[in-house]
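Reading the structure
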Amino acid sequence: TTTYKFYIKDYKNNDSMLDALFNTIFQPEFNNHSIYIHNGSSFDLIFILKYLSNYKDKNINITPTYKDGKFLNLKLSFNKFNVSIKDSMLLLPDSLARLAKSFGLEDKGLFPYLFPNATNLDYIGKVPAYKFFPQNKVTIEQYKDYKSSFSNKGWSLKTEVFNYCALDC
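The structure displayed is predicted, hence computed values, not measured ones.

Mapped onto the secondary structure, serine 84 falls in strand E4 (residues 81–87). There is a polar contact of 3.5 Å between the side chain of serine 84 and the side chain of asparagine 73.

Here the idea is simple: oppositely charged side chains can pair when their charged atoms come close. As enumerated under the stated definition, the model contains three salt bridges in all. A salt bridge links lysine 158 to aspartate 10; its shortest N-O distance comes to 2.9 Å. In this pair, lysine 158 is assigned in helix H5 (residues 157–168) and aspartate 10 in the segment before helix H1 (14–25), connecting sequence segments 148 residues apart.

Another aspect to go through is H5. The terminal C-alpha atoms of H5, which comprises 12 residues, lie 16 Å apart, in line with the 16 Å expected from a rise of 1.5 Å per residue. Taken residue by residue, H5 has Leu157, Glu160, Val161, Phe162 and Tyr164 as its buried positions. The inward-facing, buried residues of H5 contact helix H4 (140–148) and strand E6 (155–156).

A separate point is the pairing of E4. The buried fraction of E4 amounts to five of the seven residues, a majority that puts the element mostly inside the structure. Direction of pairing for strand E1 (residues 33–37) relative to E4: parallel, over a ladder of five bridges. Within E4, the position partnered with isoleucine 35 by the bridge is isoleucine 85. Where strand E3 (residues 70–78) lies against E4, six bridges are found, and the strand directions are antiparallel. Paired with leucine 76 across the strands is valine 83, a residue of E4. Counting the residues in the hairpin turn of E3 and E4 gives two residues, including asparagine 79, whose phi is positive at 55°.

This next bit is on the sheet that holds E1. Strands pair in a sheet through their backbones, by hydrogen bonds, and they do so in one of two ways: parallel or antiparallel. Ordered in space as E1-E4-E3-E2, the four strands form an open sheet in which the pairing is mixed. Lying at the two open borders of the sheet, with one neighbouring strand each, are E1 and strand E2 (60–67). For this sheet, the mean angle separating the axes of adjacent strands, direction not counted, is 20°. Summarising the sheet, E2 and E3 pair through eight bridges and their orientation is antiparallel. Bridge pairing in E3 links proline 64 to leucine 74.

Conventions used here
- Residues numbered from 1 in each chain as written.
- Predicted model: local features only at pLDDT ≥ 70, side-chain atom pairs only at ≥ 80, totals over all residues.
- Heavy atoms only, no water.
- Helix = DSSP H or I, 4+ residues; strand = E, 2+ residues; numbered from the N terminus.
- Polar contact = N/O pair within 3.5 Å; in protein donor to acceptor, adjacent residues only side chain to side chain.
- Salt bridge = Lys/Arg side-chain N within 4 Å of Asp/Glu carboxyl O.
- Expected span 1.5 Å × (residues − 1).
- Buried < 20%, exposed > 50% of the residue type's maximum accessible area, 1.4 Å probe, protein only.
- Contact = heavy atoms within 4.5 Å.
- Pairing = 2+ DSSP bridges.
- Axes fitted to C-alpha atoms, helices over the stretch in contact; angles between N-to-C directions.

These figures capture arrangement, not role.
Okay, here's the thing in structure tokens:
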């Protein structure tokens, strides 16, 4: 399986990163495929639609399908390529952590959601403080175990974003 990674610091700006993403998606190997984004209706698909609607000159045809105010499907057509983006939360209505457990898969692990910001995307150093992790999901013991796993190496935001996203997928 080929993995494609897109990190904002590797691009001039958000739009150039999204250009690279959609240039990758609109290729023959992805034609007539579906991409699933968990809870995309409430977050990611809104930003994707906003981005794509600003680039109508690229001949992207967008056909959204809604139900109860949520995107069921966002069909994208560009030249001869068709891709659908769907919200997997609408098919499997549970958290990714609980779904992984139900299917006997590896847990998503821990991630300091409150840590990344526009000024620290190149951060390499100590594991971020406990306050940056979701306190309602991560115990101090889990945090300490996580932190100790980096005792012999530095913590890299970019590396951990990619690791966490890979487990998400």
